[in-house]
Amino acid sequence: MTPRRRRLVLVLGILAGVSVAGGLALSAFRQDVTFYFVPTQVVDGKVRPGEEFRMGGLVARGSVHRKPGSMEVRFTVTDMKHEVPVVYDKVLPDLFREGAGVIVHGHMLANGTFDADEVLAKHDQYYRPPGIHGKLDIRHGEPRDPALLQPPATASTTVAQSAVEQP
Amino acid sequence: MRHFLDMGGYWPFVWPAYAVTFAVMALNIIWARRLLKRSRKEALRRLTIGGTEK
Amino acid sequence: MAWTWFHRLASPPHVYRLSARLTPWLAWPAALLIVAGLIGGLWLAPPDYQQGDGYRIIYVHAPSAWMSLFVYTTMAVAAGIGLIWRMKVAHAVAAASAPVGASFTFAALVTGSLWGKPMWGTYWQWDPRLTSELILLFLYLGYMGLRSAFDDVQRADRASAVLAVVGLVNVPIIHYSVVWWNSLHQAPSLMYLGKPTMPPSMYVPLLIMLVGFTLFYGAVLLVRLRGEVLSRERAASWIREAVRA
């Protein structure tokens, strides 16, 4: 083997080795690497009990309720298969809406409600000008156009669903 | 014009983002020219010092 | 193998002269495209139905992020070629690219952070996309730091090249992070295969900016490359005429 070919094999070998090592490490640490769990995983008890974690999904339509005279708000996070109720008492992000994506951080209470200390809005990769399908200009907390409530099959939703299907 | 600067209320985020990006681009131009100037000066210095220096 | 064009690229004087000639052909189109992209993105493109005018950060954030990946790939491939074929010029391309790539990565992280605060509600999260992009910045800085640890340019070239090649696995991780794992950052809007997730009035300025940024990198690279090539030559005779020009 010429010296050059040997160097080629070495470089490709390094690349392949690091890729395999990285892949093994990531799959081994899967649960600890998970940024958020979906309601189905939470309901199925896939999350280690007593820990703080993140849960992501959609804000269920009609589920947002504010307690009058306080900052407290309750809503339900759904992944179209299971739901988890959430309670939160700080300021909600601008893009928080029924039917939209949300990621909450906190812990489960004994009564099955998720006590959130942080609520983030997650938006999908679709952009469009306002007014194309009618009532598209969103105001905080209002329900969206029902035609948009079926989430577009974003990659994250697909991954979450396939993560759920694994044992 | 005022609406353009206001960016629908998002001006504290949009304009700093553009400013940072263009600062990065300007710095890249400046650093590149500086590197070339320095290298030319260095190469000239090596030439005038004498060729057999190792 | 009659790869004359490839072997000529290994010749420092040839590369030096070619870079000087090509630079304006990249720099001017880059400037024009970026101006056109700015007009398109800040003015002509409509606001977004949910993000309003805030989404216009995409016209600097996405090209910066794209460049952070493109430049790293170029740098790692050049470093690999330098290692395998022992080409000084290839190492020079890698060394010249690193600061440019690092600065684009920084811009991507900062513009992304500024975009995340109003839309997501946070400046930063340790989600897969953001975390792996930050790691990319560390890889760039590590490459540059490793270079400076060696007095001998050739040793610096070889050591840093290994780091560059090793770090290449991070690039597909960054790109596919939003597909492989649950993340806060959304899936890509523009992909080679598949429909764009925005109408032409929005994605045309984005494409223009992507090309403009790429040409900008090309022009900056060529200027830096000349500097790097010069610093790798001893008192070679071609320098005499090239530098006095």
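This text follows the structure it describes.
Given the structure is predicted, the values throughout are model-derived calculations rather than measurements.

**Regarding the overall build of chain B**
Move 1: Along the backbone of chain B there are two helices and zero strands.
Move 2: The C-alpha radius of gyration of chain B comes to 22 Å, more than 25% above the 10 Å expected for a compact globule of 54 residues.
Move 3: Along the three orthogonal principal directions, the C-alpha set of chain B runs to about 65 × 20 × 5 Å.
Move 4: Split into buried and exposed, the 54 residues of chain B put 33% on the buried side.
Move 5: When the accessible area of chain B is evaluated, it comes to approximately 3700 Å², of which 63% is carbon and sulfur surface.

**Observations concerning the layout of surface pockets**
Move 1: Considering only enclosed or pocket space, the largest pocket measures out at about 1300 Å³ in volume.
Move 2: In terms of lining, the largest pocket is formed by 44 residues, of which the most central are Trp66(C), Leu69(C), His175(C), Pro188(C) and Leu190(C).
Move 3: Broken down by secondary-structure element, the contributors of at least two residues to the lining of the largest pocket are helix H3 (58-85), helix H4 (88-119), helix H5 (128-148), helix H7 (170-180) and helix H8 (200-232) of chain C.
Move 4: For the lining of the largest pocket, the element with the highest residue contribution is H3(C), accounting for eight residues.
Move 5: Taken together, the residues of the lining of the largest pocket break down into 29 nonpolar, twelve polar and three charged.
Move 6: Taken as a whole, the second largest pocket spans an internal volume of roughly 890 Å³.
Move 7: In terms of lining, the second largest pocket is formed by 29 residues, of which the most central are Arg147(C), Val153(C), Glu228(C), Ser231(C) and Arg232(C).
Move 8: For the lining of the second largest pocket, the secondary structure elements donating two or more residues are helix H2 (11-49) of chain B together with H4, H5, helix H6 (153-167) and H8 of chain C.
Move 9: Residue contributions to the lining of the second largest pocket peak at eight residues, all from H2(B).
Move 10: A per-class count over the lining of the second largest pocket returns ten nonpolar, five polar and 14 charged.

**Considerations on the pairing of strand E5 (residues 101-108) of chain A**
Residue and element names in this part refer to chain A.
Move 1: Among the eight residues that make up E5, six are buried, leaving the element largely enclosed by the rest of the structure.
Move 2: In this sheet, E5 lies alongside strand E1 (residues 53-59) in antiparallel orientation, the contact comprising six bridges. Each residue of the ladder has a partner; that of arginine 54, found in E5, is histidine 105.
Move 3: For E5 and strand E6 (residues 114-122), the ladder comprises eight bridges, and the chain directions are antiparallel. Following the sheet pairing, glycine 106 is matched in E6 by alanine 116.
Move 4: Here E5 folds back onto E6, and the loop between the two strands holds five residues, one of which, glycine 112, carries a positive phi near 85°.

**Concerning the interface of chain A and chain C**
Move 1: Between chain A and chain C, the contact holds 39 residues from the first and 44 residues from the second.
Move 2: With both sides pooled, the region where chain A packs onto chain C buries about 3800 Å², and carbon together with sulfur makes up 64% of that total.
Move 3: Of all residues in chain A, Phe35(A), His123(A) and Tyr127(A) bury the most surface against chain C, accounting for 20% of the area lost on that side.
Move 4: Inspection of the region where chain A meets chain C yields zero salt bridges.
Move 5: At the junction of chain A with chain C, the criterion picks out 14 residue pairs in polar contact (both at pLDDT 80 or more).
Move 6: If you tally residues by element for the side of chain A that touches chain C, the top one is helix H1 (residues 3-28) of chain A, at nine residues.
Move 7: The residue inventory of the side of chain A that touches chain C, partitioned by class, reads 23 nonpolar, five polar and eleven charged.

**Comments concerning the pattern of salt bridges**
Residues and elements named next belong to chain C.
Move 1: In total, this model carries eight salt bridges over all chains according to the counting rule given.
Move 2: The shortest N-O distance in the salt bridge between glutamate 228 and arginine 232 comes to 2.8 Å. Highlighted residues: glutamate 228 and arginine 232, both in helix H8, separated by four residues, approximately one helical turn.

**Let's talk about H5(C)**
Residues and elements named next belong to chain C.
Move 1: Along its 21 residues, H5 runs 30 Å from first to last C-alpha, staying within 8% of the 30 Å computed at 1.5 Å per residue.
Move 2: Residues of H5 that are buried in the fold lie against H3, H4, H6, H7 and H8.
Move 3: The backbone nitrogen of arginine 129 has a side-chain oxygen 3.2 Å away, supplied by the residue at the start of H5, namely aspartate 127.

**Some details on the pairing of strand E3 (residues 73-78) of chain A**
Residues and elements named next belong to chain A.
Move 1: Taking burial as the measure, the six residues of E3 include five buried ones, the bulk of the element.
Move 2: Judged from the two bridges that link them, strand E2 (residues 65-66) and E3 form a sheet pairing that is antiparallel. Within E3, the residue paired with histidine 65 across the bridge is arginine 74.
Move 3: Linking E2 back to E3 in an antiparallel pair, the connection comprises six residues, with glycine 69 at a positive phi of about 80°.
Move 4: Here six bridges tie E3 to strand E4 (residues 83-88), and the two strands are oriented antiparallel to one another. Note on E4: the bridge partner recorded for valine 77 is valine 84.
Move 5: Remark: four residues form the turn of the hairpin made by E3 and E4, two consecutive strands paired antiparallel; methionine 80 in that turn has positive phi of roughly 70°.

Reading the values: rules and limits
- Residues numbered from 1 in each chain as written.
- Chains lettered and ligands numbered in written order.
- Predicted model: local features only at pLDDT ≥ 70, side-chain atom pairs only at ≥ 80, totals over all residues.
- Heavy atoms only, no water.
- Helix = DSSP H or I, 4+ residues; strand = E, 2+ residues; numbered from the N terminus.
- Rg over C-alpha atoms; globule rule 2.2 N^0.38 Å.
- Buried < 20%, exposed > 50% of the residue type's maximum accessible area, 1.4 Å probe, protein only.
- Areas by Shrake-Rupley, 256 points an atom, 1.4 Å probe, with all protein chains shown as cover.
- 1 Å grid on protein atoms, 1.4 Å probe; cavity = no way out; pocket = protein on both sides within 12 Å on 5 of 7 lines; lining within 4 Å.
- Points joined across faces, edges and corners; volume = space filled by probe spheres on them.
- Nonpolar A, V, L, I, M, F, W, Y, C, P; charged D, E, K, R; others polar.
- Pairing = 2+ DSSP bridges.
- Contact = heavy atoms within 4.5 Å.
- Buried area = accessible area lost by both parts, 1.4 Å probe.
- Salt bridge = Lys/Arg side-chain N within 4 Å of Asp/Glu carboxyl O.
- Polar contact = N/O pair within 3.5 Å; in protein donor to acceptor, adjacent residues only side chain to side chain.
- Expected span 1.5 Å × (residues − 1).

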